[in-house]
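# Structural overview for review
Chain by chain, the residues run as shown.
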Amino acid sequence: MRILAIETSCDETSIAVIEGDGERVKPVTFVVRTQIETHQAFGGVVPEVAAREHLAHLLFMFREHVDPKGRDIDVIAVTAGPGLAPALRVGVEVAKTLAWTWQKPLVPVCHLEGHIYASWLTDGAVPQFPALALIVSGGHTELVLMQEHGKFTRLGETIDDAAGEAFDKVAKMLGLGYPGGPAVARLAEQGNPKAFDFPRAMLDKGLDFSFAGVKTSVLYLLREQESRLSDAQFRADVAASFQEAVVDVLLRKTAKALAVHAPVSMVLAGGVAANVELRKRFQALGEEKGVAVFVPALTYALDNAAMIGAAGYFRALRGDTVNPLQLQADSNMDIV
Ligand code: KG4
Ligand code: ZN
């Protein structure tokens, strides 16, 4: 089965054609174009500008990479949410139009489910169920138990900021601009993670997260020690200690979820899965607990259509299709 997938939820425009066969998925075509340069001038993503660029980029991508009659495509999958409403709408409307014109089934995909399926985009082993997924993106931080394809239970989530959002805000405080996560991670490489003891919130409160406190602590420290902001070592120490606090909480909550739910696999998902320190520690935790670990290839960690195609394939196998005339983008869509 061949799936044409479209992703436009934030600031990456992406299309992919995925070949699915049994439990395996394989990208046949894969294109991503980032809008980072456009949004850098604004210090963050501007939804209406993102939407306009998605539309322009999609048309070129289709012209270059997709048969105009869709002859080799069996199903169309699209990110229906969550994300920026104007941005999502572009992908959804293009997908609806193609599905109707080509008379192909249309499968809406939750962006967060897509992030989990990034771990299926491999020639090696794929996750087995039950699988515990740690979703860490710019808008979400969730621990989710996946009992089987498409069947999820949320175990915990952030009560305020998402982990990626905290990275982005701390980057701004340090004058690192957008996108913040990779910049903080790079700076942290030169710093001492033990230099500052930032708070680890809600460790004894189940499986929910809170990252507003650590972010505010960084803000207060930078205000108190403003004169040191030009000191490169100080800045690196702040970045490293902040990253350490966030990764520490993510890992401790994941360990707790492993102890309670005893999954056979654990899956790291979302843009923050590109963080090298988090990848290393997530891997080490799985090895220590004897649980099979899946960390997405860097190409598929950030927003992309290949992961949406992978999730869409398993949805299509279950006949999870919608009427193209009725699908609406849903910026608040969630995985459960
Ligand atoms: O999944 P994603 O690409 O978009 C959303 O669905 O939100 O995630 C983007 C988030 C941003 O907050 C970005 O700063 C963060 O992922 N991120 C990172 C790294 N690379 C991206 N955070 C920490 N370290 C990184 N290396
Ligand atoms: Zn994402």
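Keep in mind the model is a prediction, meaning the values are calculated, not measured. (Residues numbered from 1 in each chain as written. Chains lettered and ligands numbered in written order. Predicted model: local features only at pLDDT ≥ 70, side-chain atom pairs only at ≥ 80, totals over all residues. Heavy atoms only, no water.)

## Concerning the nonpolar core
Using the following cut-off: Among buried residues, those of type Ala, Val, Leu, Ile, Met, Phe, Trp, Tyr and Cys that are joined through side-chain atoms within 4.5 Å constitute a nonpolar core. Exposure is judged per residue with a 1.4 Å probe applied to protein chains only, and the accessible area is read against the type maximum: over 50% gives exposed, under 20% gives buried, and values in between give partly exposed. Secondary structure counts use DSSP, requiring at least four H or I residues in a row for a helix and at least two E residues in a row for a strand, with both numbered from the N terminus. Any two residues whose heavy atoms approach within 4.5 Å are treated as being in contact.
Grouped together as the largest cluster of nonpolar side chains are 48 residues, with contacts concentrated most on Phe 198, Phe 211, Val 238, Phe 242 and Leu 250. Contributions of two or more residues to this core are made by strand 6 (131-136), strand 7 (141-148), helix 5 (163-173), helix 6 (180-188), helix 7 (212-224), helix 8 (232-261), strand 9 (265-269) and helix 9 (276-289). Setting aside residues up to four positions removed in sequence, Val 238 forms contacts with Leu 174, Phe 196, Phe 198, Val 218, Leu 221 and Leu 222. Leu 121, Val 126, Met 146 and Ala 305 belong to the second-largest nonpolar core, a separate cluster that totals 37 residues.

## Some thoughts on empty space enclosed by the protein
This is how the line gets drawn: Note on definitions: the grid is 1 Å and covers protein atoms alone; a cavity is a set of points where a 1.4 Å probe fits but cannot get out; a pocket is an open set with protein on both sides within 12 Å along at least five of seven lines; lining residues have an atom within 4 Å of a point. Grid points are joined across faces, edges and corners, and a volume is the space filled by probe spheres set on the points. Residue polarity follows a fixed list, in which Ala, Val, Leu, Ile, Met, Phe, Trp, Tyr, Cys and Pro are nonpolar, Asp, Glu, Lys and Arg are charged, and the others, Gly among them, are polar.
Throughout the structure, instances matching the rule amount to 1 cavity of 30 Å³ or more. Lining the largest cavity, in full, are Pro 199, Arg 200, Ala 201, Ser 210, Phe 211, Gly 213, Val 214, Ala 245, Val 246 and Val 249. For the lining of the largest cavity, the elements supplying multiple residues, two or more each, are helix 7 and helix 8. For the lining of the largest cavity, the leading source of residues is helix 8, giving 3 residues. Among the residues forming the lining of the largest cavity, the class breakdown is 7 nonpolar, 2 polar and 1 charged.

## Some details on the site of ligand 1
Which entries qualify depends on this criterion: Throughout, the term near means that a residue has one or more heavy atoms lying within 4 Å of the molecule or strand in question. Identification of polar contacts relies on pairs of N or O atoms within 3.5 Å, with a donor-acceptor requirement for protein atoms, meaning one able to donate a hydrogen and the other able to accept it, and with residues adjacent in sequence counted only if both atoms are side-chain atoms. Surface accessibility in these figures is a Shrake-Rupley result with a 1.4 Å probe; residues are shielded only by whichever protein chains are displayed.
His 115, Gly 138, Asp 168, Gly 181 and Gly 271 are the nearest of the 18 residues found near ligand 1. Within the backbone of Gly 138, an N or O atom sits 2.8 Å from an oxygen atom of ligand 1. In the model, an oxygen atom of ligand 1 is placed 2.9 Å from a nitrogen or oxygen of the Gly 181 main chain. Coverage of ligand 1 by the protein amounts to 88% of the 550 Å² it exposes when considered alone. Within the residue set of the shell around ligand 1, elements represented by two or more residues are helix 4 (111-117), helix 5 and helix 6. Split by residue class, the shell around ligand 1 holds 6 nonpolar, 10 polar and 2 charged.

## Points about the packing of helix 8 against helix 9
To be explicit about the condition: Between N-to-C directions, angles cover 0 to 180 degrees, with each direction set by a line fitted to C-alpha atoms, over the stretch in contact for helices. Here roughly perpendicular refers to angles of 65 to 115 degrees, roughly parallel to angles under 35, roughly antiparallel to angles over 145, and oblique to all remaining angles. The sense of a crossing depends on the near helix, which, turned anticlockwise from the far helix by less than a right angle, makes the crossing left-handed and, turned clockwise, makes it right-handed.
As a packed pair, helix 8 and helix 9 sit with axes 10 Å apart at the nearest point and diverge in direction by 25°. With respect to their mutual orientation, helix 8 and helix 9 come out roughly parallel. Note that helix 8 runs across helix 9; the crossing there is right-handed. Contacts between helix 8 and helix 9 involve Gln 243, Glu 244, Val 247, Asp 248, Leu 250, Leu 251, Thr 254, Ala 255 and Leu 258 from the former and Glu 277, Leu 278, Arg 281, Phe 282, Leu 285 and Lys 289 from the latter. A per-class count over the contact of helix 8 with helix 9 returns 8 nonpolar, 2 polar and 5 charged.

## Considering the sheet that holds strand 7
Convention followed: When DSSP finds two or more bridges between a pair of strands, those strands are recorded as paired.
Taken in spatial order, the 5 strands of this open sheet run 8-7-6-9-10, and their pairing is mixed. Whereas interior strands pair on both sides, the edge strands pair on one side only; in this sheet they are strand 8 (151-157) and strand 10 (292-294). Looking at each pair of strands side by side, their axes are set apart by 20° on average, direction ignored. Sheet topology note: the strand 7/strand 8 ladder contains 6 bridges and is antiparallel. Opposite Glu 148, over in strand 8, you have Lys 151 as the bridge partner. Lying over the sheet, helix 8 contacts strand 6, strand 7, strand 8 and strand 9, oriented at roughly 160° with respect to strand 6.

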